[in-house]
Amino acid sequence: MEPYLVFSDIDGTLVIDHQIVTPFTKRVIRELQQRDVIFYIATGRMYNLGKVIARQINDDARIIASNGAVIENEQGSVQHHLGHAALKAAYEITQSDPRLSAHFFTTDAAYYTRFRGLWHVMRGTSPVWGPKLLMTQSMI
């Protein structure tokens, strides 16, 4: 029989308090995996934060992160990057309207096009409270 794939969102679905996978959830996922189900967490979070959640489950839980830009498979992670033209266009659009802000992710940092005071910024697997990491024209 072909293996099944199960995908689950994290926030409001798989974890409580934005970071805790319950023992019940871990047990259910393990039972699925014992039936040859391949389990993925799917998240808009950056890869390293998705990895924190996946490793709470077990080493066989796979990750789709950064809204699909990073996909983990049995060989490791595959990253899909915006090309220079797409990144530049997105940046320029957000600069044309002060109400717009864009969020760009690497595997361990988030960049924002507007400073709006203190914000919860994630670097690696540790939260940092401080000003947002701003993306500037020179970064493009």
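Quantities reported herein were computed from a predicted structural model and do not represent experimental measurements. (Residues numbered from 1 in each chain as written. Predicted model: local features only at pLDDT ≥ 70, side-chain atom pairs only at ≥ 80, totals over all residues. Heavy atoms only, no water.)

Caption draft 1: Examining the overall build of the chain more closely. Looking only at helices and strands, the chain has three helices and nine strands in total. Along the chain, from the amino end to the carboxyl end, the secondary structure elements read β-α-β-α-β-β-β-α-β-β-β-β. Counting every position in the chain, which comprises 140 residues, the buried fraction comes to 36%. Restricting the contact set of the chain to residue pairs at least 6 apart, pairs at least 24 apart contribute 39%. (Helix = DSSP H or I, 4+ residues; strand = E, 2+ residues; numbered from the N terminus. Buried < 20%, exposed > 50% of the residue type's maximum accessible area, 1.4 Å probe, protein only. Contact = heavy atoms within 4.5 Å.)

Caption draft 2: Looking closely at the pattern of salt bridges. Overall, the coordinates contain three salt bridges when judged by the stated rule. Across the salt bridge formed by Lys 88 and Glu 92, the nearest N and O atoms sit 3.9 Å from each other. Note that Lys 88 and Glu 92 are positioned in helix H3 (residues 84-95) at a spacing of four residues, about one turn of the helix. On the basis of relative accessible area, Lys 88 is assigned to the partly exposed category, the value being 34%. As a salt-bridge pair, Arg 99 and Asp 97 come within 2.8 Å of each other at their nearest N and O atoms. Of the residues examined, Arg 99 reaches a relative accessible area of 70% and is grouped as exposed. (Salt bridge = Lys/Arg side-chain N within 4 Å of Asp/Glu carboxyl O.)

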